[in-house]
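Analysis of the macromolecular model
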Amino acid sequence: MGSLTDIGVSAGLNILSAVGFLLAFAVLRIQPINDRVYFPKWYLKGTRSSPRQLGTAFSKFVNADLSTYIRFLNWMPAALKMPEPELIEHAGLDSAVYVRIYLLGLKIFVPIALLAFSVLVPVNWTSGTLENEKGLSYDEIDKLSISNLGKGSKRFWAHIAMSYVFTFWTFFVLYHEYKVVTTMRLRFLANQNRRPDQYTVLVRNVPPDPDESVSEHVEHFFAVNHRDHYLSHQIVYNANHLSGLVETKKGLQNWLIYYENKHAKNPAKRPKIKTGLWGLWGQRVDAIEYYQKEIENLCKQEDEERQKVITDPNYIMPAAFVSFKTQWGAAVCAQTQQTSNPTVWLTDWAPEPRDVFWANLAIPFVELSVRRLTVAVAFFFLTFFFMIPIAIVQSLANVDDLEKVLPFLKPIIERNSLQAVIQGFLPGIVLKIFLILLPTILMAMSKIEGHTSLSGLDRRTAMKYYIFLFVNVFLGSVITGTAFQQLDNFIHQSANKIPEVIGESIPMKATFFMTYIMVDGWSGIAAEVLRLKPLVIFHIKNAFLVRTEHDREQAMDPGSLDFYNSEPRLQLYFLLGLVYAVVTPMLLPFIIVFFSLAYLVFRHQSALRKWCTILA
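Residues numbered from 1 in each chain as written. Predicted model: local features only at pLDDT ≥ 70, side-chain atom pairs only at ≥ 80, totals over all residues. Heavy atoms only, no water.

A short note on the packing of helix α15 (residues 365–385) against helix α22 (residues 454–478)
Direction vectors running N to C along α15 and α22 enclose 30°, while the axes themselves pass 10 Å from each other. In this view, α15 runs roughly parallel relative to α22, as classed from their interaxial angle. Crossing angle aside, the handedness with which α15 passes α22 is right-handed. Contacts from Val375, Phe379, Leu382 and Thr383 in α15 reach Lys464, Ile467, Phe468, Val471 and Asn472 in α22. Looking at the contact of α15 with α22 residue by residue, the class counts come to six nonpolar, two polar and one charged. (Axes fitted to C-alpha atoms, helices over the stretch in contact; angles between N-to-C directions. Helix = DSSP H or I, 4+ residues; strand = E, 2+ residues; numbered from the N terminus. Parallel < 35°, antiparallel > 145°, perpendicular 65-115°, else oblique. Left-handed = near helix turned anticlockwise from the far one by under 90°. Contact = heavy atoms within 4.5 Å. Nonpolar A, V, L, I, M, F, W, Y, C, P; charged D, E, K, R; others polar.)

So, in structure tokens, the structure goes:
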């Protein structure tokens, strides 16, 4: 383990960075130039007007009202005071449930921490085993952990008893929380208008019939097998090319609106453009007439493509949306096998229209199976070979290992101040950098698998990401040494020794996980509220790409929470807290600070972001 100095240095750096992010946000959010970034939903709903429309040129960019700087932290109590029903009404059920997960973490770990510090820490501290071991180097944190207990000590009974208490408490809190969330979901659904997707089933891999078309075959099958509940159906067409034409036309219409507005401001001058690439060269023509002709041509192409999609059998996919008269009939169809052949007439609940990932509806069943097998193999190798950079990161967490790898750095590393930074801050930030692009890669893999809904893509990607974090960040960090050395050890020793090796390694890595939680959970969460990426993107788009009000709305679009990125990280913190609650209770305060800060931040962010439909 690292020393208290290493932990103190890391805590100081991360607290300063977290406070800096929060203060920067508190100041930036009250500047008129950033108003659309930090209050996007109000603009999209039409309930807020830009403060830049009034005042002097200076006040359009910078808030000159000094009194607002005195109240610049008022967003914190405002975020905590919003009642949950109002939060659901404003941001949806998913946002409210997601925020409750952080509150759940506090409900679990605050009582566990109080019990661990009142029972386990005194037991560990007074054992004195490490002090009696000659020639053994240790730190103060080791004396507070289970490492300070001797082999066969009767004090282990305290840890065994507390592990049962912590487990039962976790089960109790989870049981109560599930009841609350279930009640919220049922109440939310009862208060909503009935939606077509609640009565609709997605049917895939419709078998071919030489005597009937796909539409006739679907109608005949469900009219016979679900005669009392079948209502109607809509077959699926491969309209991906048509969708591309529609998107292209939208872009041209946006340019046309821009040049029409430009001409309205100066009627005496017709706007001109060049028809070459990006308008840099080519014939110079009237912009309005050019885009009108281009839109007319695209409309004709759309009509031709639409007729081709409807009439050409090659565009018809062996899939359909089947609607039922009752939700009970839809539920029976969605959750049962339709024939003795499990590879045809595959049914599942239909996603709502906003949630459908249309590009994957046209994937044939055989190709779908090949895709999923290929992605599973690729994910296995990605998870395994990523252990190599993880092992490199772990070498940074141990000064002795770093000196062996890079002996020429020994005089520099052994300086007390630099050594504290290396062991207390650098490993966590390096690992965070390694993991930045990973969620995007896993999301691309889930799209290749062929899932038909955006929420399904989120769930599958979250599952992959959590497995990856568990194997590489948790197990890969716990098992010291390079991945291939450990693999060789596991192959040549009894399988019964593997849990023993992992159990011996867990207390030794508590310091690394403390630094990781501080970097990712303290600074990372504080940076989330700043919304630095949307802030920069908005100002770049507003300066160079915004031509119409529609462009401005797209530029300030708050986007949705990356569920596939944040939820696995949340599960990892629950795992670390429950694993180290008995082994090294000193980790629990870091977990509690994370959940407290995250609860505050995401309570506020729920008023800004859109949320994927995961529950409802």
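After presenting the structure, the write-up continues.
Re the sheet that holds strand β1 (residues 200–204)
Strand order in this open sheet of four strands is β2-β5-β1-β6, and the pairing throughout is antiparallel. On the outer flanks of this sheet lie β2 (230–237) and β6 (346–349), each paired with one strand and no other. Taking the axes of each pair of neighbouring strands and ignoring which way they run, one obtains an average angle of 25° across the sheet. The strands touched by helix α11 (residues 214–225) within the sheet are β1, β2 and β5 (316–324), with β2 carrying the most contacts at an inclination of about 150°. (Pairing = 2+ DSSP bridges.)

Some details on a nonpolar patch on the surface
There is a patch of nonpolar side chains on the surface, built from Leu373, Val377, Phe380, Phe381, Phe385 and Ile388 and spanning about 590 Å² of accessible area. A total of five residues in the nonpolar patch trace back to one element, the largest contributor, which is α15. Assignment of secondary structure puts Ile388 in helix α16 (residues 387–396). You can call Ile388 partly exposed: its relative accessible area is 37%. (Patch = residues over 30% accessible without salt bridge, like charges linked within 9 Å, V, L, I, M, F, W, Y side chains within 5 Å. Areas by Shrake-Rupley, 256 points an atom, 1.4 Å probe, with all protein chains shown as cover. Salt bridge = Lys/Arg side-chain N within 4 Å of Asp/Glu carboxyl O. Buried < 20%, exposed > 50% of the residue type's maximum accessible area, 1.4 Å probe, protein only.)

Observations concerning the environment of Phe595
Take Phe595: it is sitting in helix α29 (residues 588–605). Along the sequence, Phe595 and Gly105 sit 490 residues apart, while their C-alpha atoms lie 6.2 Å from each other. Beyond its immediate stretch of four places on either side in the chain, Phe595 contacts Ile101, Tyr102, Gly105, Leu106, Phe109, Leu570, Tyr573 and Phe574.

Focus on a positive patch on the surface
A cluster of basic residues, Lys262, Lys269, Lys272, Lys274 and Arg284, forms a positive patch at the surface. With respect to the element layout, Lys262 can be found in helix α12 (residues 240–265). (Lys, Arg positive; Asp, Glu negative; His and termini not counted. Charge placed at Lys NZ, Arg CZ, Asp CG, Glu CD.)

Let's talk about helix α25 (residues 510–530)
The first and last C-alpha atoms of α25 sit 29 Å apart over 21 residues, in line with the 30 Å expected at 1.5 Å per residue. At Gly524, α25 shows its largest bend, some 30°. Counting buried residues along α25, 18 of its 21 residues qualify, which places the element largely inside the surrounding structure. Immediately downstream of α25, the backbone of Arg531 shows phi near 50°, a positive value. (Expected span 1.5 Å × (residues − 1). Bend = angle between axes of the 7 residues up to and from the residue.)

Description of the environment of Val322
Inspection of the secondary structure puts Val322 in strand β5. Counting along the chain gives 88 residues from Val322 to Gln234, while the straight-line C-alpha distance between them is 6.4 Å.

Regarding the pattern of salt bridges
Per the stated rule, a full pass over the model turns up 14 salt bridges. When the shortest N-O distance is used, the salt bridge between Glu302 and Lys249 registers 3.2 Å. Separated by 53 residues along the polypeptide, Glu302 in helix α13 (residues 287–311) and Lys249 in helix α12 bring together distant segments of the chain. Lys249 gets classed as buried once you look at its relative accessible area, which sits at 16%. When the shortest N-O distance is used, the salt bridge between Arg569 and Asp520 registers 3.6 Å.

Observations concerning the nonpolar core
Residues Leu576, Phe594 and Phe595 are the most contacted members of the largest nonpolar core, which totals 85 residues. Counting residues in each nonpolar core, the second largest holds 16 residues, with Val203, Tyr230, Ala320 and Val344 among its members. (Core = buried A, V, L, I, M, F, W, Y, C linked by side-chain atoms within 4.5 Å.)

Notes on unusual backbone geometry
Located in the positive-phi region is Asn205, a residue other than glycine, with phi close to 60°. Take Asn205: it is sitting in the loop between β1 and α11. For Asn205, a relative accessible area of 19% gives the class buried. With a phi close to 50°, Trp345 is a non-glycine residue in the positive phi region. Tracing the backbone through its elements, the reader meets Trp345 in the loop between α14 (327–334) and β6.

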